[in-house]
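Structural features, examined
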Amino acid sequence: MHLEVLALLFFLAWSCLCAPQQPCHPGDEFLGRCSSSSSSRSRSSSRSAHDERLTCTELNLGYCNDLGYSATIFPNILGHRSRFEAESGAEYLLLSVIHGLLNGECSPEIRLVGCSVLASPCRDNKMIKPCRSTCEALRKDCMHAFEAIEMAWPYFLDCDRFFAANEEGCFDPLSVLKARQEVTLSSLSPEEPSTIIQFIYASNAQMYSLLKRTAAKCSHISHVYSIGRSTEGRDLLVIEFTDNPGHHELLEPEIKLIGNMHGNEVLGRQLLIYLAQYLCSEYTLGNQRIQSIINNTRIHILASMNPDGYEVAASEVEESNDPELSNQEGHLLNGWTSGRANAQNLDLNRNFPDLTSIFYRNRRSRHYRIDHVPIPDSYWFGKVAPETYAVMKWIRSLPFVQSASLHGGELVVSYPFDFSRDSHEEKMFSPTPDEQIFKQLARTYADAHATMSNNDTDRCGASFYRNRGIINGALWYSFAGGMSDFNYLHTNCMEITVELGCDKFPSEAELYPEWKRNKEALLSFLESVHRGVKGVVRDTNGNGIKGATVSVRGIRKDVTTAEDGDYWRLVNPGTHILTATAKGYSKVSKRVYLPHNLNKAGQVNFVLEKLPVEPDIDDHLFPMADSWDRFDPYNQFERHGEPVVTEEGIERQEKPWWWNYFSQSGMSSPNWLLKNV
């Protein structure tokens, strides 16, 4: 909990202990809801509040002098009888620190509405109360910010108790702020963005608040959901944008953007937070391009895949800015390792199943399917990070078409394969069957970026000028267990890796320039999912066929249909022969021509006839025990991922699934198996 919260709670507790007990709150007494024989506050006179003549007085409260009026009245709504009493109260103290407590969230709105209670406007010696509707709207938008610091909603912002209805002649304490914002927006030229974003770093708590607040503001096109938790229990929070949030729509492609996989590579995380705010605001403001993207696409944004690593990286940056420390390199101090891994010290981009090696071993076999390669059972006996586990389940649960993972440390877009086809070669061109479409995806981002594809752009050590900012991953450097290779070989999804720049943790001054450099690239990448072909595979009764395969002649990588039979196949313009089939159904082929000027996906539907099921040659040649549907078949992750707390309060891991088997069989240890194989 924040130090400011602790200090405030200490002050409130001290106030309660030192103040005399009172049967009636001063505010309730003033409002006539109860009475007290003696006042809790010192008075120079014994006259009752109702006997005093109420008169307007000059508004002179330091934190409340920008309310748009100059006269207030005492006693106020809370029963404070003077400016001194109001400034001495816990309510005023809270307003003075609220910006820091909420990390800038809901500021200055909370302060202004709170000040309207402490110092309501006065006209003709009568108090005008703040509007209840303003209070209710504020609570709806800002309650999450208080929940993030485990603090209750302030009692003096009780909308029913201290605010008035519109018909009672109330005033809107945020009217001046709204007017200033309207003037600011109207002063922007048509070329400038009308969305206002605060280009500062967001802590994990701030990130969660921003995403939840954004989803609440645009609930008709957005919502947030968690795909799991990190090692230290932080949410892996996704914000979704579509015209029908929470639902897959037939033929609407799904795309995901992932940031902060390495905790110290933070620019991608910030760009995705800004993108979420931008999409929400621009859709509401009527930006036709943004409305078209959201109305025709289902977008999923995971701003931070490694929030634990971010905590480590951010804390080191904060320490480096401490004036008492001798090293003053600031954000540059966070080099290439601090916070990169998760809390288990696992590199998440080396933690996915190595399906690429399986592909290389079997690629020469004519009957081997290279799409939807199953996860080998042996993978689950290694150390699987909870972040990896959550993302794998997420990838398998939705029919993603394409994806981008945002990193830092270079200025380039890389694409699969990331693992070299020769394990002894660290730099070897290792293309997928979809080399041409991957190059086009990478080119889409690099060319739309302000400088990435320019040959004269300063790089970070590597030479990409001949490639105009894109490169095959294994040709750059080879590694196994990467997320992009896993996406391609295990699902329909095609993922690129975007390296955003040399500085992994740039200074805040660089955040706005980086947003300008990457905004068009991000939007162009979202639009690029609408290319190639899409369609529905149905039976003769018009029912969609789930799990049918759609292949393109010349590309040895099929895609499978989603729950309702719809599919998406990214291909470049030209003539293609598509074939659809499913187990127990006929095979249908169609020739398709996609012109170069086509700015949307061509639609190709298939109708398959039911046929008797015959044995497939693949069933005999490749009897895979671990099929695609087998995911953590022995429940290894759940057993190892959740520690058990003993009666003594000590955490221990549960024994693996095979332990009881060996014990019950009289085998002293698993080593017995190794000795007797």
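Residues numbered from 1 in each chain as written. Predicted model: local features only at pLDDT ≥ 70, side-chain atom pairs only at ≥ 80, totals over all residues. Heavy atoms only, no water.

Digging into the overall build of the protein
- Counting its regular elements, the protein contains 22 helices and 22 strands.
- Evaluated residue by residue, the protein yields a buried proportion of 50% over its 677 residues.
- If you take every contact in the protein between residues at least 6 apart in sequence, the share linking residues at least 24 apart comes to 73%. (Helix = DSSP H or I, 4+ residues; strand = E, 2+ residues; numbered from the N terminus. Buried < 20%, exposed > 50% of the residue type's maximum accessible area, 1.4 Å probe, protein only. Contact = heavy atoms within 4.5 Å.)

What about the side chain of Gln-270?
- One can find Gln-270 in helix H10 (residues 267-285).
- In contact with Gln-270, not counting residues within four places along its chain, are Ile-200, Tyr-201, Ala-202 and Leu-511.

Observations concerning the pattern of salt bridges
- Taken as a whole and assessed by the stated rule, the structure comprises 20 salt bridges.
- Salt-bridge contacts for Glu-240 lead to Arg-298; the nearest nitrogen and oxygen are separated by 2.7 Å. Highlighted residues: Glu-240 in strand S6 (residues 235-241) and Arg-298 in strand S8 (residues 298-302), separated in sequence by 58 residues.
- On the accessibility criterion, Arg-298 (6% relative accessible area) is buried.
- Residue Glu-495 pairs with Lys-256 through a salt bridge whose shortest N-O separation is 3.1 Å. With a gap of 239 residues between them, Glu-495 in strand S12 (residues 494-501) and Lys-256 in strand S7 (residues 254-259) connect regions that are remote in the sequence. Comparing Glu-495 with Lys-256, the two get one shared label, buried.
- Each member of the salt-bridge network shares a partner with another, and the members are Glu-265, Arg-340, Asp-347 and Lys-504. (Salt bridge = Lys/Arg side-chain N within 4 Å of Asp/Glu carboxyl O.)

Describing the packing of aromatic side chains
- Applying the stated rule across the entire model yields 26 aromatic pairs.
- Seen from their ring centres, Tyr-274 and Trp-515 are 6.2 Å apart, and the 85 degrees between their planes marks the pair as edge-to-face. Pair noted here: Tyr-274 is in helix H10 and Trp-515 is in helix H18 (residues 511-527), with a separation of 241 residues, a long-range link.
- Given the relative accessible area of 1%, Tyr-274 is considered buried. (Phe/Tyr/Trp six-rings, centres within 6.5 Å; stacked < 30°, edge-to-face > 60°.)

Here we look at the state of the cysteines
- Enumeration over the complete set of coordinates arrives at five disulfides.
- Sulfur-sulfur distance for the disulfide between Cys-64 and Cys-115 comes to 1.9 Å. Measuring the twist about the S-S bond at about -70 degrees, one finds the Cys-64-Cys-115 disulfide to be left-handed. Of the two residues, Cys-64 is situated in the loop between strand S1 (56-58) and strand S2 (71-73) and Cys-115 in helix H5 (residues 109-118); the sequence distance between them amounts to 51 residues. Note on accessibility: Cys-64 and Cys-115 belong to one class, buried.
- One disulfide bridge connects Cys-135 with Cys-159, the sulfur atoms lying 2.1 Å from each other. Residues Cys-135 and Cys-159 share a disulfide whose torsion about the S-S bond is about -75 degrees; that sign makes it left-handed. (Disulfide = S-S within 2.5 Å.)

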